[in-house]
Amino acid sequence: MQTRGLRAIGAGPTTDHKMAIFHLSVKCFSRSAGHSAVAAAAYRTGTRLCDERTGECHDYTRRSGVASCMLVLPPGAPNWSRSDLWNSAEAAENRRNSTVARECEVALPVELSRSQQSELAEAFARWLVARHGFAADVAIHADADDRVGEMSNDHAHIQTSTRRLHAEGFGNKARELDAAATGSKEIEAWRARWAAMTNDALERHGHQARIDHRSHADRGMIAVPTIKIGRSAGARERREHNQAAKQLNAEIADAIRDRA
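Residues numbered from 1 in each chain as written. Predicted model: local features only at pLDDT ≥ 70, side-chain atom pairs only at ≥ 80, totals over all residues. Heavy atoms only, no water.

S.K.: Can you walk me through helix α1 (residues 37-45) in this structure?
M.R.: Three- or four-residue spacings in an α-helix give side chains the same orientation, since the helix completes a turn every 3.6 residues. Extensive coverage of α1 is indicated by the burial of 8 of its 9 residues. The N-cap residue of α1 is S36: its side-chain oxygen and the backbone nitrogen of V38 are 3.2 Å apart. One or two positions beyond α1, positive phi appears at G46, with a value near 65 degrees. (Buried < 20%, exposed > 50% of the residue type's maximum accessible area, 1.4 Å probe, protein only. Helix = DSSP H or I, 4+ residues; strand = E, 2+ residues; numbered from the N terminus. Polar contact = N/O pair within 3.5 Å; in protein donor to acceptor, adjacent residues only side chain to side chain.)

Listed below in structure tokens is the structure:
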């Protein structure tokens, strides 16, 4: 559950606007919806990749906001490039409605430096690869002006293959993520692991902030929606919007606390 835009009542006042938040979402790329694993990887990593199945080249080398990217492959996997990996993932699917890739998006703690964020995202990707045997492509997205207060939007896209990768190439699907009986349990395990790894990194680097993957209801907390603090066209508009939103959010929280 994404906690951006919710203020917990009874959790104590917040004075530091530069805070780690918990966010982990998972989605699938389906051929029936017109998705391409090659195109998705090119966009997220800010690279140029050509889809051998369609003959189309996807060039995102001019896009901004990609701080770093890396491939994480299982032990003994072929020494593939990014193009090799995702073209092979596409070639392994022959159905019109095949799921060609999966993505896990996580919010990165703004308290950590760029290198520490990258280390954390890579470590989590390696845990996923070890657990499921698939391949992962990690892209860190962080704009230069995004590390100021609640404007921070540092996050990582971890695109994974749907099939396990062996020395000979792609094998069976990681069905534990597709089955109704196990899929939600696996994603919950991902959420718990990401929270634990993030908190360990925050503690290791001397920060008091912590995140919690549980919902407010599971934690026995009351939450009210507040004004989302997002991007505007220019720096002046961002400052004015954020100041007004922060003030209104504080007033909402104070009123709810007083009423409680």
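S.K.: Sorry, what's going on with the packing of aromatic side chains here?
M.R.: Evaluated as defined, the whole model comprises 4 aromatic pairs. Between the aromatic rings of W80 and F170, the centroid separation amounts to 5.7 Å while the plane-to-plane angle is 50 degrees, which identifies the pairing as tilted. Remark: F170 occurs in strand β10 (residues 169-173) and W80 occurs in the loop between β5 (66-72) and α2 (82-91); sequence separation between them is 90 residues. Ring geometry for F124 and W127: centres 5.9 Å apart, planes at 15 degrees, overall stacked. Remark: W127 and F124 occur in helix α3 (residues 114-132); sequence separation between them is 3 residues, near one turn of the helix. Accessibility assignment for this pair places F124 and W127 in one class, buried. When the ring centre of Y43 is taken as origin, the NZ or CZ atom of R63, which lies over that ring, is 4.3 Å away. (Phe/Tyr/Trp six-rings, centres within 6.5 Å; stacked < 30°, edge-to-face > 60°. Lys NZ or Arg CZ within 6 Å of the ring centre and 35° of its normal.)

S.K.: Teacher, can you tell me more about the pattern of salt bridges here?
M.R.: Once the charged atoms of two side chains with opposite charge are near each other, the side chains can pair. For the structure shown, the criterion picks out 17 salt bridges. Measuring nitrogen to oxygen at the nearest pair gives 2.7 Å for the salt bridge that ties R82 to D137. Here R82 is found in helix α2, whereas its partner D137 is found in strand β7 (residues 136-141), with 55 residues between them in sequence. There is no split in this pair, since R82 and D137 are both buried. Note that R126 and E122 form a salt bridge whose closest N and O atoms lie 2.8 Å from each other. With R126 and E122 both in helix α3 and 4 residues apart, this pair spans about one turn of that helix. Among the residues examined, R126 registers a relative accessible area of 43% and is labelled partly exposed. (Salt bridge = Lys/Arg side-chain N within 4 Å of Asp/Glu carboxyl O.)

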